[in-house]
Amino acid sequence: RDPEMSRGLGDVYKRQQENIILYDKDIREPLFSFLEQQYGKMRILEEIRITKSRADIIMVLPDGVVGIEIKSDADTYARLAGQTKDYDRYFDYNYVVVGSTHAAHIEEHVPAHWGIITVEPVDEEIDFYVLRKPHLNIKMEMGKKLELLWRPELVHIQQQTQMPAYKERSKAFVREKIIEKVPAPVLQQLISQELFERDYTTILEEINAFRAANHQKPRRSTRKRRKKLRPSE
């Protein structure tokens, strides 16, 4: 094991003995700042439904989307196996962020391509350590990734790539056609672009305008209270 990593692990294990418990709410805001320092241009979406799970954090990068699951000192591994399977269907890369009580065993509970970030209190601040960097997730399904987008965002991709409108067809049909017509590297960037530009103050109006044009009932809410954003320019 890398000597620098070993020193980091030694510090983590030492903190375990101090019985300092960090909760999810203690971790999130400092984590956003840490990720911003690590990645530069990024945008954060929170609490997004993915199949049977809810992604704690989605980090949008210019050429990819990263899923991030938080396991604080107060959390268990009870749902993690199912969560990793769901995350792997949607995201290009994945991280698990763990409190120091999990640091010694987390590698046994997530796939080898997942990144691991440990978090601990140091001198009344929150310190993050990249225990393992993530590798490209080859299990990602482009159709699932496209499910992160709403209909107006799919329409915008269709317009940008000179595709037919398919106004009367389902979202599932449109997603299949986009995958069929748009090269994967181009589509990766277009998806990120849509997520970067998403405006929760206007998206409901855009969705309902589309639904009205297609004789569908209006949508009451985008549940934006569960989709907090942190853009980074």
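Residues numbered from 1 in each chain as written. Predicted model: local features only at pLDDT ≥ 70, side-chain atom pairs only at ≥ 80, totals over all residues. Heavy atoms only, no water.

## Examining the confidence of the model for the protein chain
Where we set the bar: A residue's pLDDT is the confidence the predictor assigns to it, expressed on a 0 to 100 scale. Note on contacts: a residue pair qualifies if any of its non-hydrogen atoms lie within 4.5 Å across the two residues.
Averaged over the protein chain, the pLDDT score is 84; the fraction of residues at 70 or greater is 79%. Segment residues 223-233: pLDDT under 50, and 32 contacts once partners within four positions in sequence are set aside and those in other chains are kept.

## Re helix α7 (residues 184-197)
Keep this limit in mind: Numbering of helices and strands runs from the N terminus; a helix is a DSSP stretch of H or I covering at least four residues, while a strand is a stretch of E covering at least two. Helix span, as expected, comes to 1.5 Å for every residue beyond the first. For each residue, the accessible area found with a 1.4 Å probe, counting protein chains only, is set against the maximum for its type, and the residue is called buried under 20%, exposed over 50%, and partly exposed in between.
For α7, built from 14 residues, the straight-helix expectation of 20 Å at 1.5 Å per residue is met to within 8% by its first-to-last C-alpha distance of 20 Å. Within α7, burial applies to L187, Q188, L190, I191, S192, E194, L195 and F196. The inward-facing, buried residues of α7 abut β1 (43-50), β2 (53-61), β3 (64-71), α4 (142-146), α5 (151-160) and α6 (171-181).

## So, unusual backbone geometry
Located in the positive-phi region is Q162, a residue other than glycine, with phi close to 55 degrees. Its identity is not glycine, yet Y166 carries a phi of approximately 50 degrees, on the positive side. Positionally, Y166 belongs in the loop between α5 and α6.

## Things to note about the pattern of salt bridges
The criterion, for reference: Throughout this description, the term salt bridge denotes a Lys or Arg side-chain nitrogen within 4 Å of a carboxyl oxygen of Asp or Glu.
On inspection of all chains with the given rule, the structure shows 13 salt bridges. Between E141 and R89 there is a salt bridge; the shortest N-O distance is 3.1 Å. Here E141, found in the loop between β6 (125-132) and α4, pairs with R89, found in helix α3 (residues 80-90); they are 52 residues apart in sequence, far enough to count as distant. Here E180 makes a salt bridge to K177, at a shortest N to O gap of 3.7 Å.

## Comments concerning the packing of α5 against α6
What counts here: An axis is simply a line fitted to the C-alpha atoms; with a helix, the fit covers only the stretch in contact. Between two such axes, the angle follows the N-to-C directions and lies from 0 to 180 degrees. Throughout, the term roughly parallel applies to angles under 35 degrees, roughly antiparallel to angles over 145, roughly perpendicular to angles from 65 to 115, and oblique to all others. In this scheme the crossing of two helices becomes right-handed for a clockwise turn of the near helix relative to the far one and left-handed for an anticlockwise turn of less than a right angle.
Viewed as axis vectors pointing N to C, α5 and α6 meet at an angle of 30 degrees, and their least axial separation amounts to 11 Å. Taken together, the axis directions place α5 and α6 in an arrangement best described as roughly parallel. For the crossing formed where α5 meets α6, the hand is left-handed. On α6, the residues touching R151, L154, I157 and Q158 of α5 are K171, V174, R175 and I178.

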